[in-house]
Amino acid sequence: MKTITLALSVLAAVAVCLACSSIADAQATRTWVSGVGDDANPCSRTAPCKTFAGALSKTAARGEISVLDPGGFGGVTITKSITLNGDGSLAGILVAGTNGIVINAGANDVVIIRSISITGVGTGLSGIRIVSARHVHVENCTIHNFANFGIEGVNGTNPLGLSVFNTTVTSTNVGIRRSALAGNTASIRNVRVHRSAFGIDILGGKAAVSDSVVSHQTNIGVVAEGTSVLNIAGTVVSGNATGVNAFTSGSTINLANNDIFSNNTGVLVAAGGTCNRFQNNRIFGNSLANITGTCNVQSDQ
C-alpha cells in the first residue's frame, strides 16, 4: 500500500511540474506584432499578434515585443518588465479619449519603450502614463496631440527613474512631467518639446535636461517645483512665455552652457527659489526681462 501511495505522490508531483512547464512555455522571451497579425496567434515570428496588448500576455517578464511590419498596435497597460521595440518599422499607437501606454509595473520592474509613434488625436489623455516602475526608458519616440501629458510620471510610493532620449513631444498640455517624490530621478537628453502649455515640469527629486530644445510653450518651457533640483545644460529654450522657472520656494535650477532667448521672460526665480548659472550661458533677447529674481553667477571650478 505504501508503495502505491508513494507512486501516486510521484506521479502527482510530475504532473504539477509538467503543468508549470506548460505555463512557462506559453510565454516567449520575444514575441512579434504585425499590422496584419491576429491576437489569437502565438505571437511568433511566423504567426504574429495584432496588438501590443495581445502580445503582452504571451511575453515573459523581461522579454521583448518587437514590431514585424508597419501598423497601429493599440493602447496597452504594462504590468511587468518589458521592452516595446518598434525599431526598423513604422510602429504606432493611436488612441482617443484614453492613454496611449499605461505603466503599472512592480517596484523593481524596468520598462523600455523604443521607436514608437504615439498619437492622441486631440482627445487622448496622456501618451505615456507611469503609475509604478523602478525605471522607465523612452527612446526614439514621437508623442503628439494629447490633452493632458506627453509623458506623465504620477508614482506616489516608490521612487521612479525616468530616462527620455532622442524623443519629440508636441501639442500637449504638459510635455514631460515627473512627480514630486523626493527620491525620483530623471535624465532627459536630446529631446524636443514644442507647442504645449508647459514643456518640462519637475515636481520633486533631481533631474537633468541636456542637449535639448524646448520651444513655443504658452506658459513655461522648463520648470522646477517643490524642492526639486533641476540641472539644465547645452539646451535651447526659446519662444516660451517664461523660458526657465524656479517656480516655488525651495526649488533649484542650475544652468550651464544654455541658449535662452526670444522668450517673454528668460529666467524667472520665485522668492525662496535658487538659481545658479555659469558665465557660459547666453541669456539674451527676451522681450520683458532676461532674468527676473536672483540668479547667482558661479565661477568655473
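### Considering the side chain of E152
Checked against the element boundaries, E152 lands in strand β11 (residues 142-153). A distance of 3.0 Å separates polar atoms of two side chains, one belonging to E152 and the other to R129. Excluding anything up to four places from it in sequence, E152 contacts S126, I128, R129, I130 and R177.

### Some details on the packing of aromatic side chains
What the rule picks out here adds up to 2 aromatic pairs. Seen in terms of ring centroids, F52 and F73 are 5.4 Å apart; in terms of plane orientation they differ by 55°. Their pairing is tilted. On the criterion of sequence distance, the pair formed by F52 in helix α2 (residues 52-56) and F73 in the loop between β3 (71-72) and β4 (76-78) is long-range, its members being 21 residues apart. Both residues of the pair, F52 and F73, belong to the buried class.

### Here we look at the side chain of K58
Mapped onto the secondary structure, K58 falls in the loop between α2 and β2 (59-67). Comment: no salt bridge for buried K58; closest opposite-charge side chain is D39, at 6.4 Å. A polar side-chain atom of K58 sits 2.4 Å from the main-chain carbonyl oxygen of N41.

### Examining the environment of V236
Residue position: V236 is located in strand β22 (residues 236-238). Taking the C-alpha atoms as reference points, V236 and V214, separated by 22 residues in sequence, lie 6.3 Å from one another. The contacts of V236, once residues within four sequence positions are left out, are S212, V213, V214, D259 and F261.

### Some remarks on the nonpolar core
F52, I101, I103, I128 and I176 are the most contacted members of the largest nonpolar core, which totals 61 residues. If we skip the residues at most four places from it in the chain, F52 touches V33, I65, V67, F73, G74, V76, L84, I93 and I116.

### Here's the deal with the state of the cysteines
Per the stated rule, a full pass over the model turns up 2 disulfides. C43 shares a disulfide with C49; S-S distance 1.8 Å. Residues C43 and C49 share a disulfide whose torsion about the S-S bond is about -65°; that sign makes it left-handed. For C43, a relative accessible area of 1% puts it in the buried group. Across the disulfide from C275 sits C295; the S-S distance is 2.0 Å. Taking the sign of the S-S torsion, -45° for the link of C275 and C295, the bridge is left-handed. Here C275, found in strand β27 (residues 274-278), pairs with C295, found in the loop between β29 (289-292) and β30 (296-298); they are 20 residues apart in sequence, far enough to count as distant. Of the two residues examined, C275 and C295, each falls in the buried class. In the protein, the bonded cysteines, numbered by position in the sequence, are linked as 1-2, 3-4.

Reading the values: the criteria
Residues numbered from 1 in each chain as written. Predicted model: local features only at pLDDT ≥ 70, side-chain atom pairs only at ≥ 80, totals over all residues. Heavy atoms only, no water. Helix = DSSP H or I, 4+ residues; strand = E, 2+ residues; numbered from the N terminus. Polar contact = N/O pair within 3.5 Å; in protein donor to acceptor, adjacent residues only side chain to side chain. Contact = heavy atoms within 4.5 Å. Phe/Tyr/Trp six-rings, centres within 6.5 Å; stacked < 30°, edge-to-face > 60°. Buried < 20%, exposed > 50% of the residue type's maximum accessible area, 1.4 Å probe, protein only. Lys, Arg positive; Asp, Glu negative; His and termini not counted. Salt bridge = Lys/Arg side-chain N within 4 Å of Asp/Glu carboxyl O. Core = buried A, V, L, I, M, F, W, Y, C linked by side-chain atoms within 4.5 Å. Disulfide = S-S within 2.5 Å.

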